[in-house]
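Commentary on secondary and tertiary structure
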Amino acid sequence: MRIGTGYDVHRLEEGRRLIIGGVDIPHRAGLAGHSDADVLAHAVMDALLGAATLGDIGRHFPDDDTAYKDACSMDLMRKVGEKVRARGYQIVNIDATVIAQNPRMAPYIDEICGNIGEALGVCATQINVKATTEEGLGFTGAELGIAAQAVCLLDTAT
């Protein structure tokens, strides 16, 4: 069994869509980044890549490569799932947290879990996503950005 962790953060920027876990969430601003800046997807991908000792998303999808400009993170996640399986692992579970003062994530959690499960070829019941605020503290509390962290468990494929 292998455990991996991931963390990502992006600043909020006017004029961009807010994509979290593959869901387009109505909000006053979106996340800045080279791709769609899906902070949750990036944290999950880093956890998976780390558990499989495959580096991080920057190694596989560098932000100076125009091929990934405005890329859909769910498409990148599919590729990460393939890399993890090619390494001989299966995903046991993923547990992740979105850290954002606003918007509230609760209405989107089931869809997010479904998107991640579909992208990785696992049941949505193997994915757990929760959200928290930082009670107005720090950059997320001041609504300057959104962060996410994830942990995953891999096992050897049977």
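Look up a bit, the structure's there.
If you're wondering where the values come from, they're calculated on a predicted model, not measured in any experiment.

Glycine aside, negative phi is the norm for most residues, and most peptide bonds take the trans geometry. Note that the residue after asparagine 102, namely proline 103, is joined by a cis bond; omega there is -5°. Relative to the helices and strands, proline 103 resides in the loop between strand 5 (89-99) and helix 4 (109-120). One non-glycine residue, alanine 37, lies in positive phi territory at about 60°. Residue threonine 53 is not a glycine yet carries a positive backbone phi of 50°. Looking at where threonine 53 falls in the secondary structure, it is placed in the loop between helix 1 (39-51) and helix 2 (57-60).

This part is about a positive patch on the surface. Taken together, the side chains of Arg59, Lys79, Lys83 and Arg87 present a region of like positive charge at the surface. If you trace the backbone, lysine 79 turns up in helix 3 (residues 73-86).

The residue methionine 45 is located in helix 1 in this model. The class for methionine 45 is buried, based on a relative accessible area of 0%. Ignoring any residue separated from it by four or fewer positions in sequence, one finds methionine 45 in contact with Ile57, Ser73, Leu76, Met77 and Val80.

A word on the layout of surface pockets. Its volume calculated, the largest pocket comes out at about 240 Å³. As for the largest pocket, its lining consists of 14 residues, of which Ser35, His42, Ile57, Phe61 and Asp63 are closest to the centre. Breaking the lining of the largest pocket down by element, the ones donating at least two residues are strand 1 (2-13), helix 1 and helix 2. Residues that form the lining of the largest pocket fall into these classes: six nonpolar, six polar and two charged. Volume-wise, the second largest pocket comes out at about 190 Å³. Tallied by class, the residues present in the lining of the second largest pocket amount to four nonpolar, two polar and five charged.

Each packed pair of helices is defined by two parameters, the angle between the axes and the distance between the axes. Packing of helix 1 against helix 3 brings their axes to within 10 Å, and their N-to-C directions diverge by 10°. What the angle tells us is that helix 1 and helix 3 run roughly parallel. Taken together, the residues of helix 3 that come into contact with helix 1 (itself represented by Ala41, His42, Val44, Met45, Leu48 and Leu49) are Ser73, Met74, Leu76, Met77, Val80 and Val84.

Calculation criteria
- Residues numbered from 1 in each chain as written.
- Predicted model: local features only at pLDDT ≥ 70, side-chain atom pairs only at ≥ 80, totals over all residues.
- Heavy atoms only, no water.
- Helix = DSSP H or I, 4+ residues; strand = E, 2+ residues; numbered from the N terminus.
- Patch = residues over 30% accessible without salt bridge, like charges linked within 9 Å, V, L, I, M, F, W, Y side chains within 5 Å.
- Areas by Shrake-Rupley, 256 points an atom, 1.4 Å probe, with all protein chains shown as cover.
- Salt bridge = Lys/Arg side-chain N within 4 Å of Asp/Glu carboxyl O.
- Lys, Arg positive; Asp, Glu negative; His and termini not counted.
- Charge placed at Lys NZ, Arg CZ, Asp CG, Glu CD.
- Buried < 20%, exposed > 50% of the residue type's maximum accessible area, 1.4 Å probe, protein only.
- Contact = heavy atoms within 4.5 Å.
- 1 Å grid on protein atoms, 1.4 Å probe; cavity = no way out; pocket = protein on both sides within 12 Å on 5 of 7 lines; lining within 4 Å.
- Points joined across faces, edges and corners; volume = space filled by probe spheres on them.
- Nonpolar A, V, L, I, M, F, W, Y, C, P; charged D, E, K, R; others polar.
- Axes fitted to C-alpha atoms, helices over the stretch in contact; angles between N-to-C directions.
- Parallel < 35°, antiparallel > 145°, perpendicular 65-115°, else oblique.

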